[in-house]
Amino acid sequence: MYGHRTRAAMAFPALCAALALAGCGSGAAGSEPPATGARTHATTPSTPPPITPAEHGWLKAVRHYDKRLVASIGKTSVVTSGSLSRSRDCDDSCKAALRRAGSPGRYQPVQPMVRRACAMLQGAAAQLPHALSAGLISGAIIDGDIVAFTKSLNGAYSKEGAATNVLAHALAKADRITKRFGPAT
């Protein structure tokens with residue numbers, strides 16, 4: 001008959017469980033592990049090592065550059081040749097700052113975002129000389145080519161704003177990585 005179990009068939013799982021428990025040992029002092037040649041391993045969940053000082057240094061360099069960039073953008077609302085030159089120099093220094101920072105280590109997933117921000121800033125830095133040449137002489141706007149000046153300036157500011165957003169997202173992702181692995185020791 002299908003689906004009908006005999007007493008022997010129903011007792012078999014209970015017998016296997018009893019034999020398995022009996023084979024586990026009593027845990028009494030002096031009991032030896034079974035001599036089967038198999039090694040016993042204590043399995044402990046391994047935790048990844050915390051962020052290294054080199055990885056922390058990379059993140060610190062990116063954060064430092066981000067603070068400099070935000071300070072450069074928000075420093076003054078008056079547009080002068082000096083402020084545009086400082087902004088251009090700050091935008092231009094992104095790739096160099098990233099190179100000096102070294103290897104990102106476990107922050108590798110963040111690096112493409114930072115590189116993208118640097119590329120945007122490079123584009124902004126390329127537009128600022130056009131703004132400087134289009135209408136600024138000694139900090140005063142000449143009535144010359146105000147359209148070219150405004151177009152170059154707005155394009156540069158737009159790229160700087162987009163780059164700060166990308167850097168903010170990159171730093172948020174880096175914070176999640178730090179939280180996962182633990183802060184540097």
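Everything that follows concerns the structure shown earlier in this document.
Procedures and definitions
Residues numbered from 1 in each chain as written. Predicted model: local features only at pLDDT ≥ 70, side-chain atom pairs only at ≥ 80, totals over all residues. Heavy atoms only, no water. Helix = DSSP H or I, 4+ residues; strand = E, 2+ residues; numbered from the N terminus. Buried < 20%, exposed > 50% of the residue type's maximum accessible area, 1.4 Å probe, protein only. Contact = heavy atoms within 4.5 Å. Areas by Shrake-Rupley, 256 points an atom, 1.4 Å probe, with all protein chains shown as cover. 1 Å grid on protein atoms, 1.4 Å probe; cavity = no way out; pocket = protein on both sides within 12 Å on 5 of 7 lines; lining within 4 Å. Points joined across faces, edges and corners; volume = space filled by probe spheres on them. Axes fitted to C-alpha atoms, helices over the stretch in contact; angles between N-to-C directions. Parallel < 35°, antiparallel > 145°, perpendicular 65-115°, else oblique. Left-handed = near helix turned anticlockwise from the far one by under 90°. Nonpolar A, V, L, I, M, F, W, Y, C, P; charged D, E, K, R; others polar. Salt bridge = Lys/Arg side-chain N within 4 Å of Asp/Glu carboxyl O. Disulfide = S-S within 2.5 Å.

1. Quick word on the overall build of the protein chain
Looking only at helices and strands, the protein chain features six helices and two strands. N-terminal to C-terminal, the α/β element order of the protein chain is α-α-α-α-α-β-β-α. Per-residue burial for the protein chain yields a buried fraction of 29% across its 185 residues. By sequence separation, contacts in the protein chain at least 24 residues apart represent 85% of the contacts at least 6 residues apart. Roughly 12,400 Å² of accessible area belongs to the protein chain as shown, and the carbon and sulfur atoms make up 60% of that amount.

2. Describing empty space enclosed by the protein
Within the structure shown, the criterion is met by one cavity of 30 Å³ or more. A volume near 70 Å³ is recorded for the largest cavity. Sorting the residues of the lining of the largest cavity by element identifies helix 2 (53-74), helix 4 (94-101) and helix 5 (111-135) as the ones contributing at least two each. With four residues, the top contributor of residues to the lining of the largest cavity is helix 4.

3. Regarding the environment of Ala101
The topology assignment puts Ala101 in helix 4. Among the residues examined, Ala101 registers a relative accessible area of 15% and is labelled buried. Residues Ala101 and Gly57, 44 residues apart in the sequence, show an inter-C-alpha distance of 6.9 Å. Setting aside anything within four residues of it in sequence, one finds Ala101 in contact with Trp58 and Ala61.

4. A short note on the packing of helix 3 (residues 81-92) against helix 6 (residues 146-181)
Packing of helix 3 against helix 6 brings their axes to within 12 Å, and their N-to-C directions diverge by 40°. Taken together, the axes of helix 3 and helix 6 are oblique relative to one another. Note that helix 3 runs across helix 6; the crossing there is left-handed. The residues of helix 6 that touch helix 3, namely those facing Leu84, Ser87 and Asp91, are Phe149, Leu153, Tyr157 and Glu160. Considering only residue class, the contact of helix 3 with helix 6 consists of four nonpolar, one polar and two charged.

5. Some details on the packing of helix 2 against helix 4
Where helix 2 contacts helix 4, the two axes come as close as 9 Å, and the packing angle between them is 160°. In this view, helix 2 runs roughly antiparallel relative to helix 4, as classed from their interaxial angle. Between helix 2 and helix 4 the crossing geometry is right-handed. When helix 2 is examined against helix 4, the residues Trp58, Ala61, Val62 and Tyr65 are found in contact with a partner set consisting of Cys94, Ala97, Leu98 and Ala101. A per-class count over the contact of helix 2 with helix 4 returns eight nonpolar, no polar and no charged.

6. Some points on the pattern of salt bridges
Considering all chains together, one arrives at three salt bridges under this definition. Among the ionic pairs, Glu55 bridges to Arg106, the shortest N-O distance being 3.0 Å. Taken together, the residues span a long stretch of sequence, with Glu55 in helix 2 and Arg106 in the loop between helix 4 and helix 5 at a distance of 51 residues. Taking relative accessible area as the criterion, Glu55 reaches 8% and is therefore assigned buried.

7. Details of the state of the cysteines
One pass over the full model with this rule turns up one disulfide. The side chain of Cys94 participates in a disulfide bridge whose partner is Cys118; the two sulfur atoms lie 1.9 Å from each other. Where Cys94 bonds to Cys118 through sulfur, the torsion about that S-S bond is close to -65°, and the disulfide is left-handed. Placement of the pair is Cys94 in helix 4 and Cys118 in helix 5, with a sequence separation of 24 residues. Note on accessibility: Cys94 and Cys118 belong to one class, buried.

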